[in-house]
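# Notes for the structure review
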Amino acid sequence: MTSTNNNNDDDDYVTNLINLANESSKKSISENVKPNFSLPPPSSSFSSSDASSSASDYDYIVNENAICIKECDEKGRGWYAKRPLAAGTVLMISKPLAMVMDWEEYNEEEEEEEEDDDDDDEEEKGGLKRNGLLILNLLQSITKNPSLWNDALSSLHPKDLKTAQSLPSWTCSDENVTNQIEEAIRNLNDTTTTATASFSADTIKEIQTRLPLIVRYNCLSVETSPELFIHPNINQGGHVNLSGTALYYQPSFFNHSPSKKPNVVRYAIGNIMFFVVGCSFEESVLPDEELCISYIEHETLMESTERVTALLDMDFQQQGQEEEDDADVSKHQDEKNGTNENDNKHDNDDDQGDNDDDDDECDDDGPNYPIIDDDIQQELMNMIPTERLNDITELLQQSTTSSNNWFKCDTHRLKILLALTHDGLGQFDKALSCWKECVDFAETYFPFLDENCIAIYVQYALCARALSLSSMTTMTAETTEDNNMALAKKYANLALKKHSLLYGGGVLRFRKRYEQELALQLRKEEEEDENNSKRKKTNSKSWMMVASSKKLSGPIAMNDLWPLSLDG
């Protein structure tokens, strides 16, 4: 059977990627540092002895004997299993044909112009600027290397000019980028260069029509460790600088899952994307079963078909009755569904898709997108804790009022903020109850190996441990203390087990990825001076508190719950 992510032999490659990501994230945006990490070497042993790997310039297929691309009359091409695949099986590792960083989309001058432009209140129509930049990058690469189009891009959806012409055309909302794209198209007509002389007029017309749609329907968001609470803060070890949008070749043949829980999950380290079987411990993907990913955030997959369709911003047809909440979402005939460019917890929900109709509200069904976005979460966490509690309580009431019909993930996000607030106030019993609700939500709705679920397990374990330690001075019932610590160790072990399946590397890799996360002082220490605590909260530019070496966080907590002696 294809090996899972527990191979020790891949440690050098993945550990090196993590180190490169850590170094790159520390670079200033002004240095224009873009991750350009390499695929595993041909000698890599991600696959077991019976595997036959396949490597190209852009993709490393771990075992060609395990997966294949097949044509389906109803859905077009897709990846399918050729043999049983267990949870944690690494299917492929890919680097992008092109990638645009989030910070490339804007610069300070543009931001100032937008702030000063009070006369233009109307939102620009058209596709996202990041997509336009991605198209421009690809055109420039095609000009230098026509085989990029002939051998890779031309095989992606929409598969031919006729199909592309049947779809809505795509235009960029940014006029400057549009002009650059038009100039790059004209360069393809330059027959004086050896590279582009091989392109006929018909091929250039096809590129001009198909390429924008190829990008729109196949690009993926790319984030490094977005599930970690440190992600937005570079100074605390976050990797938000490495976030972007990219077009991958072989991964473009993964279809959007018709199930609420896709059987393949993905994660990125820099520009390198890993695709891993995400079913549960007891299950496996069966032969001839399609391998699917989610194009949208996992926490929104449980919503109605209409809402999922709006998030995907594509034309779907429903399988089964419209009134069924769990109606499957599939492709519309030969069309491959496009990706939402923000599928992770820490993405900005203001950028959902390229739909020209950007109304925020449905007439009857409530908002089209989650209300509690990153900006609102940041605003809440910057408030004084007591005021924050009141506001979160009011928002929770709104989120659970049936007439408002908010997204289920709005309540989930508020519960996380509420848990963090109780933790920060030292109210660990209340926090633990909130974290339990978050755990229940994640286990009910997320894919088994979802990275956000692992991060919630970690916080649940840390909170239970904090409650156990605080109980030592206030309670006499040792059984209660033991129960809380047992709960902490149970979910610490479960977090490690899932982490090892998804990321490999056992406890060493877990500690490496979560070292800075555990350095956050999210829980109030009993011995902490009250005035000093208030000063920290007031002066901090981020809602996260400064790193702490005290007993509820840092190395002490890490060694207590995830000691090196653990078998990952």
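On a predicted model such as this, the values are computed, not experimentally measured, just so you know. (Residues numbered from 1 in each chain as written. Predicted model: local features only at pLDDT ≥ 70, side-chain atom pairs only at ≥ 80, totals over all residues. Heavy atoms only, no water.)

### Focus on the overall build of the chain
Of regular secondary structure, the chain possesses 17 helices and 18 strands. Split into buried and exposed, the 568 residues of the chain put 55% on the buried side. Excluding contacts between residues fewer than 6 apart, the proportion of contacts in the chain whose partners are at least 24 apart in sequence is 75%. Here the chain displays about 25,000 Å² of accessible surface, and carbon together with sulfur accounts for 44% of that area. (Helix = DSSP H or I, 4+ residues; strand = E, 2+ residues; numbered from the N terminus. Buried < 20%, exposed > 50% of the residue type's maximum accessible area, 1.4 Å probe, protein only. Contact = heavy atoms within 4.5 Å. Areas by Shrake-Rupley, 256 points an atom, 1.4 Å probe, with all protein chains shown as cover.)

### Here we look at the sheet that holds strand E10 (residues 255-256)
Spatial ordering of the open sheet is given by E3-E4-E14-E10, a layout of four strands whose pairing is mixed. In this open sheet, the two edge strands, each paired with only one partner strand, are strand E3 (67-72) and E10. Bridge analysis of E3 against strand E4 (residues 76-81) gives six bridges, and the strand direction is antiparallel. Bridge assignment links cysteine 68 to a residue of E4, and that residue is tyrosine 80. (Pairing = 2+ DSSP bridges.)

### Points about the side chain of glutamate 290
In this fold, glutamate 290 is placed in strand E14 (residues 290-293). Here asparagine 255 takes part through its side chain, which lies 2.5 Å from a polar atom of the side chain of glutamate 290. (Polar contact = N/O pair within 3.5 Å; in protein donor to acceptor, adjacent residues only side chain to side chain.)

### Observations regarding the sheet that holds strand E9 (residues 244-247)
Pairing in this open sheet of three strands is antiparallel, and the strands run E7-E9-E8 from one edge to the other. The outermost strands of the open sheet, each flanked by one partner alone, are strand E7 (98-101) and strand E8 (220-222). Going from strand to strand, the sheet's axes swing by 30 degrees on average, the running direction of each strand aside. Looking at chain direction, E7 and E9 are connected through four bridges and run antiparallel. Each residue of the ladder has a partner; that of methionine 99, found in E9, is alanine 246. With respect to the sheet, helix H3 (residues 129-144) is in contact with E7 and E9, its orientation differing from that of E7 by roughly 140 degrees. (Axes fitted to C-alpha atoms, helices over the stretch in contact; angles between N-to-C directions.)

### Quick notes on the packing of helix H15 (residues 506-519) against helix H17 (residues 554-561)
At their nearest, the axes of H15 and H17 sit 9 Å apart, and the two run at 135 degrees to each other. One element, H15, and the other, H17, form an angle in the oblique class. The two elements H15 and H17 meet at a crossing, and its hand is right-handed. For the pair formed by H15 and H17, the contact residues are Phe510, Arg511, Tyr514, Glu515, Leu518 and Ala519 on the first element and Gly554, Ala557, Met558 and Asn559 on the second. Of the residues that constitute the contact of H15 with H17, the class distribution is six nonpolar, two polar and two charged. (Parallel < 35°, antiparallel > 145°, perpendicular 65-115°, else oblique. Left-handed = near helix turned anticlockwise from the far one by under 90°. Nonpolar A, V, L, I, M, F, W, Y, C, P; charged D, E, K, R; others polar.)

### Re the nonpolar core
Counting residues in hydrophobic clusters, the biggest one holds 153 residues, and the most contacted among them are Leu153, Phe274, Trp435 and Trp562. With 14 residues, the top contributor of residues to this core is helix H13 (residues 451-471). If near-sequence neighbours (up to four positions away) are discounted, tryptophan 562 is found in contact with Val458, Leu462, Ala492, Leu496, Val507, Phe510, Arg511, Leu518 and Ala557. (Core = buried A, V, L, I, M, F, W, Y, C linked by side-chain atoms within 4.5 Å.)

### Some words on the confidence of the model for the chain
Per-residue confidence for the chain averages 81 on the pLDDT scale, and 75% of its residues sit at or above 70. Overall, residues 315-363 carries pLDDT values under 50, and its contacts beyond four positions in sequence, including any with other chains, amount to 149 contacts. (pLDDT = per-residue confidence, 0-100.)

### A look at the packing of H3 against helix H7 (residues 201-218)
Across the interface, H3 lies against H7 with an axial gap of 10 Å and an inter-helix angle of 130 degrees. Taken together, the axes of H3 and H7 lie oblique to each other. Considering only the axes of H3 and H7, their crossing is right-handed. Along the contact surface, H3 presents Asn131, Leu134, Ile135, Leu138, Leu139 and Ile142, while H7 presents Ile207, Leu211, Pro212, Val215 and Arg216.

### Section: H17
Those residues of H17 that sit buried are Gly554, Ala557, Met558 and Leu561. Each buried residue of H17 lies within a common arc of 100 degrees when the element is viewed along its axis, so the set occupies one face. (Arc of directions from axis to C-beta.)

### Some points on unusual backbone geometry
Across the junction of histidine 157 and proline 158, the peptide omega takes the value -5 degrees, indicating a cis bond. Relative to the elements of secondary structure, proline 158 occurs in the loop between helix H4 (147-151) and helix H5 (161-165). In the Ramachandran plot, serine 225 falls in the positive-phi region, its phi being about 50 degrees despite a non-glycine side chain. Residue class for serine 225 comes out buried when judged on its relative accessible area of 11%.

### Notes on the packing of aromatic side chains
Under the criterion given, the structure shown has 13 aromatic pairs. Judged by centre distance (4.8 Å) and plane angle (0 degrees), the rings of tyrosine 267 and phenylalanine 274 are stacked. Comparing tyrosine 267 with phenylalanine 274 shows no difference in burial state: the two are buried. Feature note: the residues Trp79, Phe254 and Phe275 constitute an aromatic cluster, connected by ring pairs. The side chain of lysine 498 reaches across the aromatic face of phenylalanine 448, ending 4.2 Å from its centre. The side chain of arginine 513 reaches across the aromatic face of tyrosine 503, ending 3.8 Å from its centre. (Phe/Tyr/Trp six-rings, centres within 6.5 Å; stacked < 30°, edge-to-face > 60°. Lys NZ or Arg CZ within 6 Å of the ring centre and 35° of its normal.)

### As for helix H12 (residues 428-445)
Here H12 contains 18 residues, and its C-alpha end-to-end distance of 25 Å stays within 8% of the 26 Å for a straight helix at 1.5 Å per residue. Among the residues of H12, Phe428, Ala431, Leu432, Cys434, Trp435, Cys438, Val439, Phe441 and Ala442 are the ones counted as buried. (Expected span 1.5 Å × (residues − 1).)

### Observations concerning the environment of phenylalanine 428
Mapping phenylalanine 428 onto the fold places it in helix H12. Distance in space between the C-alpha atoms of phenylalanine 428 and leucine 462 is 10.0 Å, their sequence separation being 34 residues. Setting aside its immediate chain neighbours within four residues, phenylalanine 428 contacts His422, Asp423, Cys463, Ala466, Leu467, Ser470, Arg523, Lys524 and Leu552.

### Quick word on the pairing of E9
Side-chain alternation along E9 places Gly244 and Ala246 on one buried face and Thr245 and Leu247 on a second face that is also buried. Pairing analysis gives three bridges linking E8 to E9, with the strands arranged antiparallel. Bridging from a neighbouring strand, valine 222 pairs with glycine 244 of E9.

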